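Geometric and topological summary
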Amino acid sequence: MPSIQACLFDLDGVIVDTARFHYIAWREMARDLGFDLTQEENERLKGISRMESLEIVLSIGGVQLPEEEKIRRAAAKNARYLELCMQMTPDDALPGVRPFLDELKQQGIRSGLGSASKNARVILERINMLHYFDTIVDGNRITKGKPDPQVFLMGASDLQVAPQHCAVFEDAVAGIQSAKAAGMLAVGVGEASVLAEADIVIPGFEGFDLAQSENA
Ligand code: B16
Ligand code: MG
């Protein structure tokens, strides 16, 4: 039996690049509040929940808002984000992701989604990929965000696979920490210099072979 029996995928930055839409929507909010948000500052929001992201953006601008206004701003940002997401088509899945998920299915390896996003289902529907996942753990289910291991432990439990037989694919530092804390194989998707805590780092899914990397 192969050592990896389930693969858990982050959404934004692994399956599809929605970070660019988060950036546009947060930046518009920041500008409306009188400051700018750089691309580099936006990096800090990857894998972080909506309300925590709002707090980070407000702290960057040195802006304080009453609680009701924060809730209103977060809702307005989300409406704008979803409007931008509606531009996506099935072609927006990141290169190599679909063939990799097909291959897992053929090998009898189960797949799950582990995302901080409350919009995960709607985005997967939009790119026609909801059917690939045997379970979805998203921002509506979790009570503790990454780097807490909860999101991936819930996925493993849904799939009835022990954590040591799970691999996690993540593009964010907080997500890699979450996977490691869950006792899973952490595969970083992106740059090795950023994802130094991962067990392996791949630039993307094109040409990636799970069995080969397990034996490496
Ligand atoms: P939402 P992931 C995360 O998705 C994003 O990386 C992060 O930037 C975002 O703030 C978070 O989802 C919450 O998203 O506002 O849609 O609930 O990388 O965990 O798939
Ligand atoms: Mg991500």
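Residues numbered from 1 in each chain as written. Chains lettered and ligands numbered in written order. Predicted model: local features only at pLDDT ≥ 70, side-chain atom pairs only at ≥ 80, totals over all residues. Heavy atoms only, no water.

A closer look at the state of the cysteines
Counted according to the given criterion, the structure contains zero disulfides. Free of any disulfide, C7 has its nearest cysteine sulfur in C166, 8.3 Å distant. (Disulfide = S-S within 2.5 Å.)

Focus: the site of ligand 1
Of all residues adjacent to ligand 1, which total 18 residues, the nearest are I48, S115, S117, K118 and N119. In the environment of ligand 1, an oxygen atom lies 2.9 Å from a nitrogen or oxygen atom belonging to the backbone of L45. Contact between ligand 1 and K146: an oxygen atom at 3.1 Å from a side-chain N or O atom of the residue. In isolation ligand 1 has 460 Å² of accessible area, and contact with the protein removes 98% of it. Taken together, the residues of the shell around ligand 1 sort by class into five nonpolar, seven polar and six charged. No fewer than three residues from each of domain 1 (6-16 + 90-214) and domain 2 (19-85) sit in the shell around ligand 1. (Near = heavy atom within 4 Å. Polar contact = N/O pair within 3.5 Å; in protein donor to acceptor, adjacent residues only side chain to side chain. Areas by Shrake-Rupley, 256 points an atom, 1.4 Å probe, with all protein chains shown as cover. Nonpolar A, V, L, I, M, F, W, Y, C, P; charged D, E, K, R; others polar. Domains from an automatic or database assignment.)

Overview of helix α8 (residues 173-181)
Restricting attention to buried positions, one finds in α8 the residues A174, G175, I176, S178 and A179. Downstream of α8 by one or two residues, G183 has phi in the positive range, about 80 degrees. (Buried < 20%, exposed > 50% of the residue type's maximum accessible area, 1.4 Å probe, protein only. Helix = DSSP H or I, 4+ residues; strand = E, 2+ residues; numbered from the N terminus.)

Focus on the pairing of strand β4 (residues 166-170)
Among the five residues in β4, five count as buried, and that is most of the element. Of the pairings in the sheet, the one linking strand β1 (residues 6-9) to β4 comprises four bridges and is parallel in character. Its bridge partner lying in β4, L8 is registered against V168. Examined bridge by bridge, β4 and strand β5 (residues 185-189) share four bridges and lie parallel to one another. (Pairing = 2+ DSSP bridges.)

Topic: the UniProt feature "binding site: Mg(2+)" (unreviewed entry) in the protein chain
According to UniProt, the positions carrying the feature "binding site: Mg(2+)" (unreviewed entry) are D10, D12, E170 and D171. Across 162 residues of sequence, these annotated residues stay compact in space, with a maximum C-alpha separation of 8.9 Å. Residue placement: D10 occurs in the loop between β1 and α1 (19-32). Residue classification places D10 among the buried positions, given a relative accessible area of 4%. If near-sequence neighbours (up to four positions away) are discounted, D10 is found in contact with I15, L113, G114, S115, K146, F169, E170 and D171. If you trace the backbone, D12 turns up in the loop between β1 and α1. (UniProt positions renumbered as here; feature names shortened; annotations may be inferred. Contact = heavy atoms within 4.5 Å.)

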